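Tertiary structure, described
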Amino acid sequence: MMIATLERLEILNKAESLGKMIVQSAAAEYYRSCWQRLKNDRVAQQLIKQFIAIKERYEEVQRFGKYHPDYQTVMKEIREIKRKLDFHDSIAAFKKAENELQELLDEVSVLIGRAVSEQVKVPTGNPYFTALSSCSGGCGTGGSCGCRS
């Protein structure tokens, strides 16, 4: 019993070291710099606030669908603000950085899972990893891998 505990501690220490390496990686640094830039971009923050407000209206309209009197207006507004969000420099850079960091985390998860067994389910949230015994919806959700535990 004592050996298993020491082994577990060693594994957890190595996992912590791996986490520190990821935090110090170029992908993580780029993510943090993009986050800071986004946080300090007043135009981007205003766009995000506008999007949240219209999203609330959108959800209300969706309850009634095309029969809601504001359906066409809200649908047009949500498309317009979404387009502005997607093309705003600091928002686009942040999304790109976020995706790059997520890819790194997914790759590390898959490598660790494969080191244990090809059959280990690894929740990645990335459909490109589904062929690698990963669980795109997260284990326990009954995702595309079919696991429920």
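Scroll up to find the structure this text is about.
Read on for a plain summary of the structure. All values reported here derive from a predicted model rather than from experimental measurement. (Residues numbered from 1 in each chain as written. Predicted model: local features only at pLDDT ≥ 70, side-chain atom pairs only at ≥ 80, totals over all residues. Heavy atoms only, no water.)

**Observations regarding the overall build of the protein chain**
Helices and strands together make up the secondary structure of the protein chain, namely 5 helices and 2 strands. In sequence order, the secondary structure elements of the protein chain are arranged as α-α-α-α-α-β-β. The buried share among the 149 residues of the protein chain stands at 26%. In the protein chain, once contacts between residues fewer than 6 apart in sequence are set aside, the share between residues at least 24 apart is 42%. (Helix = DSSP H or I, 4+ residues; strand = E, 2+ residues; numbered from the N terminus. Buried < 20%, exposed > 50% of the residue type's maximum accessible area, 1.4 Å probe, protein only. Contact = heavy atoms within 4.5 Å.)

**Notes on the packing of aromatic side chains**
Taken as a whole and judged by the stated rule, the model has 2 aromatic pairs. Seen from their ring centres, Tyr 31 and Phe 94 are 5.3 Å apart, and the 40° between their planes marks the pair as tilted. Highlighted residues: Tyr 31 in helix H2 (residues 26-40) and Phe 94 in helix H5 (residues 89-116), separated in sequence by 63 residues. The exposure class assigned to Tyr 31 is partly exposed, which follows from its relative accessible area of 24%. Centroid distance Trp 35 to Phe 94: 5.6 Å. Interplanar angle 50°. Geometry classified as tilted. Of this pair, Trp 35 sits in helix H2 while Phe 94 is found in helix H5, placing the two residues 59 residues apart along the sequence. Given the relative accessible area of 40%, Trp 35 is considered partly exposed. Given a relative accessible area of 10%, Phe 94 falls into the buried group. (Phe/Tyr/Trp six-rings, centres within 6.5 Å; stacked < 30°, edge-to-face > 60°.)

**Description of the side chain of His 68**
Structurally, His 68 is set in the loop between helix H3 (42-64) and helix H4 (71-87). Judged by relative accessible area, which is 12%, His 68 ranks as buried. For His 68, the side chain forms a polar contact with the main-chain nitrogen of Asp 70, separated by 3.0 Å. Once residues within four sequence positions are removed from consideration, His 68 is found in contact with Glu 60 and Val 61. (Polar contact = N/O pair within 3.5 Å; in protein donor to acceptor, adjacent residues only side chain to side chain.)

**Re the pattern of salt bridges**
One pass over the full model with this rule turns up 10 salt bridges. Here Glu 59 and Lys 55 are joined by a salt bridge, their closest N and O atoms 3.8 Å apart. A residue pair is termed a helical-turn pair when its members lie 3 or 4 positions apart in one helix, as Glu 59 and Lys 55 do in helix H3 at 4 residues. Overall, the relative accessible area of 44% leaves Glu 59 in the partly exposed class. (Salt bridge = Lys/Arg side-chain N within 4 Å of Asp/Glu carboxyl O.)

**Considerations on H3**
The end-to-end C-alpha distance of H3 is 34 Å, a good match for the 33 Å that 23 residues give at a rise of 1.5 Å each. Three or more residues of H3 are buried, namely Ala 44, Leu 47, Ile 54 and Val 61. If you follow the buried residues of H3, they end up packed against H2, H4 and H5. A distance of 3.0 Å separates the backbone nitrogen of Val 43 from a side-chain oxygen at the start of H3, and that oxygen is part of Asp 41. Directly beyond the C-terminal end of H3, a positive phi value near 70° is found at Gly 65. (Expected span 1.5 Å × (residues − 1).)

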